[in-house]
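Letter by letter, the chains look like this.
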Amino acid sequence: MKLEISEITKYYKSKTAVEKIKLNFETPGLYSLLGANGAGKSTLMKIIAGLTEPTTGYIVFENENKKGYRNLKKVLGYLPQDFGVYEDLTAIELLEYIGALKGVPGKECKRRIPEILKYLNIFDSRNKKLGKYSGGMKQRIGIAQALLNNPKVLLLDEPTVGLDPSERNNFKNLLSEMSSDKIILLSTHIVSDIENISDLIIMIDSGKIIKKATPSDLLKEIKNIVWETDITKEEEDFYEKKYNIVHKIKNENGFKLRIVSDENPEGKCINTLGNIEDSYFYYIKNKNKKLDFFSEER
Amino acid sequence: MKSIYKILKLSNFELIRFLRNKKFVFIMSFTIFAGIVSIAPDYYPFHIIISSGRGIYNSAWIGIMMAIIINLFLFILGFIIIRHNIEDDRNNGIDVFIDSSEITKNQYILYKHFSKFIILIVISFILIFTSGIMQIIRGEDRNIDIIKLFWPFLISSVPTLYFLASVSVLFEVVKILRRSLGNLILFALWMVYSISIDPQPILDLFGMNYYFRTVFKKSLIIIGNPKIIDKYLVESINYSAEFYVQRLIIIIVSVLCLILSMKFFKGFKSFDETRKNKFEDLIEKNLFKEKNKNFRFEGIKSIFKMNRIKFNFIEMYKGELRIILKKSYILFILTVFFSILNIERFNITTYYISLFLGMIYISEIGSREYYTGIQKILYSSYNFTLRQFLSLYSASFTVLTFAYSGILIKFLAEGNYRSIVSVFISEIIIISVIYIFGIILRNTNFLEIILFFISYILMECGLRITDEIYKIHGILYLTIIFVLVSFIIRSIQVKLYKK
């Protein structure tokens, strides 16, 4: 199994959505695309799924070039970031419909749908019209349709949107299980979604890959650059402007800061253990995106 | 074989969706009503498809009547039902699943075409089934002959419905035909083929020429209060070889349309902007030009964060004007063109064409919010209704005045100021009617068809409605009432939505 993304570039009028993205996936596993909103993750996903043509570059699957795209579609499961459902159909009917679109044989479809629905905890609502489903339930239907054809390549674009904490946890377990025999490419801006389950984390910003490494390598790289300190309110502006702040938690005297920096900020911070989120901030170093991230995460 | 199975299976789900849709109840009520009225007793005050004589109500006659009903009325009504099946997939957000699945574009077009055709066939079957029951109820001949009942439908209606399904797909695939221009072409087709004319047109699409020559012994009237003076027995209908050839040609033309659709279909990418996004974009660019410079439109959610938005009437008027004019520039040029034709010499046909086109141009003013979901923004805004209402009226009025400029120039040149005022009054009434019906019907296509029939009937009656309306006693009061009613309906709509 081999999926190669070769020098993919996509322009929207004058805006560059993704630029010269080159990735190779040769073994099954969970590969995570991490980036802020508008970084180009969804565009890349759409290009791989065949929804958008790249301006330059191509996708190769199992040594077949772009012209053999249908072969990839046969083994592809795709959960888009935004999707809709036919609200007059029930969950079973919609999944049978999508099964027909994907060319899943009727018997296979009838066998798999209840299994997936049970796994995603929506089996009891299988005969309810989708118009009556909540946002989280619709998201699970989206996940179900992506798994319907037992895909070899699974693209999940922001899959945990609308899921409650327990559903997120179940979903992460499911991904871990599935990654043993599938190439799973998951895009997210929520670090906790991928923290303990990814085989490779690909950080993306302004359409470019800024870092690509395994979680353990990322953690090694930031071993001595994560710092914590307490500051007063008066010092807040100074630190905000000068340092790359990951967390800012209010306390009695002012704030407790978590900073990523190659050197000890002002020589008075305490070195602490880093995590993937620290690593992300270390590589991004972009204040605006950092603020976006704060608002999404918390 | 696998492809055929796939198309059948997907069409099956399309049919399920249609049968569960609220539209279905409405369509079936109308269809059954048409079935009943078309084989009504002689004393009924209202009939459709009648001549001064009619056949005994047996299976052969009723079968013919149903074929005509289907060809004449289901052609238009069915078009509304199946008009936007492809675009619906885009707007429903299903397009992403379709695009990422292994279904090819050709398979998708074939599936959409087949499902449209099947929906039309199902409606027709229900209509004919109802008519069979009506035959027993009428009691003039209680022997139901299934073959005679269905034969005219199979021979004359199935090719027409197949053609309609093909045209409907083509009109969705070709961008320029997706909206009012496509509707207009279909209305034109309907007008040409719904009447029996001599010499016969190249294709007798509805079979009207044939039926008129062979079945109806006297004049044929569609909708009216007849006096049946003659009854005769029609035992069966034998179609001529020429008729079969005509049906075959219709099928061939339909297949060609289908092939063209496959060729032109570039996937959902060609539907660049969904209707919702298009209006969001227009709103962003036009209606929300805020006085407060700090406000930035960042999607619907950002609007909810705003407690109050101050709207400037002039800005809103300009915004509404841009939204209306975005509809179709070609249509606007056509409207002005037909209007200008009247400057030198008045012609009732061009007059009504420009009148109808002008109405088509503003036909979305009452219903556009429903299919865009933009009402969440509009209604959440403080004191928005009155200003939006007035700006919408003013913008529509401006557009109609331009659209009828030819007629107005003619009156101006003649110094006929009364007629000019009359045109202005008509414009306000037209806007009110379109606004009210738009809000109530929530369906632009359906509204356009109503407007088409109104224009058609007025044209047939030879009434120059816009320049003679001032003669109606109390027309000014009536106009004010119209405006008030539309405002009240709009206010109720907003209140109901907020509840």
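Just so it is clear, the structure is predicted and the values come from calculations on it, not from any experiment.

Novice: What's the story with the interface of chain A and chain B in this structure? I'm lost.
Specialist: The parts lose accessible area when they come together, and the size of an interface is often stated as this lost area. Facing the 31 residues of chain A at the interface are 26 residues of chain B. Between chain A and chain B the total buried area reaches about 2,700 Å² when both faces are included, carbon and sulfur atoms providing 61% of it. Linking chain A to chain B there are 1 salt bridge. Between Arg20 of chain B and Glu93 of chain A there is a salt bridge, with the nearest N and O atoms lying 2.6 Å from each other. At the junction of chain A and chain B, the tally comes to 7 residue pairs in polar contact (both at pLDDT 80 or more). Split by residue class, the side of chain A that touches chain B holds 14 nonpolar, 7 polar and 10 charged.

Novice: In this structure, what is going on with the packing of helix 3 (residues 91-102) of chain A against helix 4 (residues 106-119) of chain A? I would like to understand it.
Specialist: How two helices pack is summed up by the angle between their axes together with the distance between the axes. Residues and elements named next belong to chain A. The N-to-C vectors of helix 3 and helix 4 enclose an angle of 130°; their axes lie 10 Å apart at closest approach. Taken as axis vectors, helix 3 and helix 4 run oblique relative to one another. Judged by the twist between their axes, the crossing of helix 3 over helix 4 is right-handed. Across from Ile92, Leu95, Glu96 and Gly99 in helix 3, the residues of helix 4 making contact are Cys109, Lys110, Ile113 and Leu117. Looking at the contact of helix 3 with helix 4 residue by residue, the classes come out as 5 nonpolar, 1 polar and 2 charged.

Novice: What is the right way to look at unusual backbone geometry in this model?
Specialist: Trans is the common state for peptide bonds, and a negative phi is the common state for residues other than glycine. All names here are of chain A. Of note in the backbone geometry, Glu7 takes a positive phi value of approximately 50° without being a glycine. Looking at the secondary structure, you find Glu7 in strand 1 (residues 3-12). The class of Glu7 is partly exposed, set by a relative accessible area of 35%. For Asn150, which is not glycine, the phi dihedral falls at a positive 45°. You can see Asn150 is positioned in the loop between helix 5 (135-147) and strand 6 (153-157). Residue Asn150 is classed as partly exposed on the basis of its relative accessible area, which comes to 43%.

Novice: Sorry if this is basic, but what is going on with the pairing of strand 3 (residues 29-34) of chain A here?
Specialist: Taken residue by residue, a regular strand's side chains alternate between the two faces of the sheet. Residue and element names in this part refer to chain A. Burial within strand 3 is extensive, with 6 of its 6 residues counted as buried. Of the pairings in the sheet, the one linking strand 3 to strand 7 (residues 183-188) comprises 6 bridges and is parallel in character. Following the sheet pairing, Gly29 is matched in strand 7 by Ile183. Here strand 3 runs beside strand 8 (residues 200-205); their pairing, made up of 4 bridges, is parallel.

Thresholds applied
- Residues numbered from 1 in each chain as written.
- Chains lettered and ligands numbered in written order.
- Predicted model: local features only at pLDDT ≥ 70, side-chain atom pairs only at ≥ 80, totals over all residues.
- Heavy atoms only, no water.
- Contact = heavy atoms within 4.5 Å.
- Buried area = accessible area lost by both parts, 1.4 Å probe.
- Salt bridge = Lys/Arg side-chain N within 4 Å of Asp/Glu carboxyl O.
- Polar contact = N/O pair within 3.5 Å; in protein donor to acceptor, adjacent residues only side chain to side chain.
- Nonpolar A, V, L, I, M, F, W, Y, C, P; charged D, E, K, R; others polar.
- Axes fitted to C-alpha atoms, helices over the stretch in contact; angles between N-to-C directions.
- Helix = DSSP H or I, 4+ residues; strand = E, 2+ residues; numbered from the N terminus.
- Parallel < 35°, antiparallel > 145°, perpendicular 65-115°, else oblique.
- Left-handed = near helix turned anticlockwise from the far one by under 90°.
- Buried < 20%, exposed > 50% of the residue type's maximum accessible area, 1.4 Å probe, protein only.
- Pairing = 2+ DSSP bridges.

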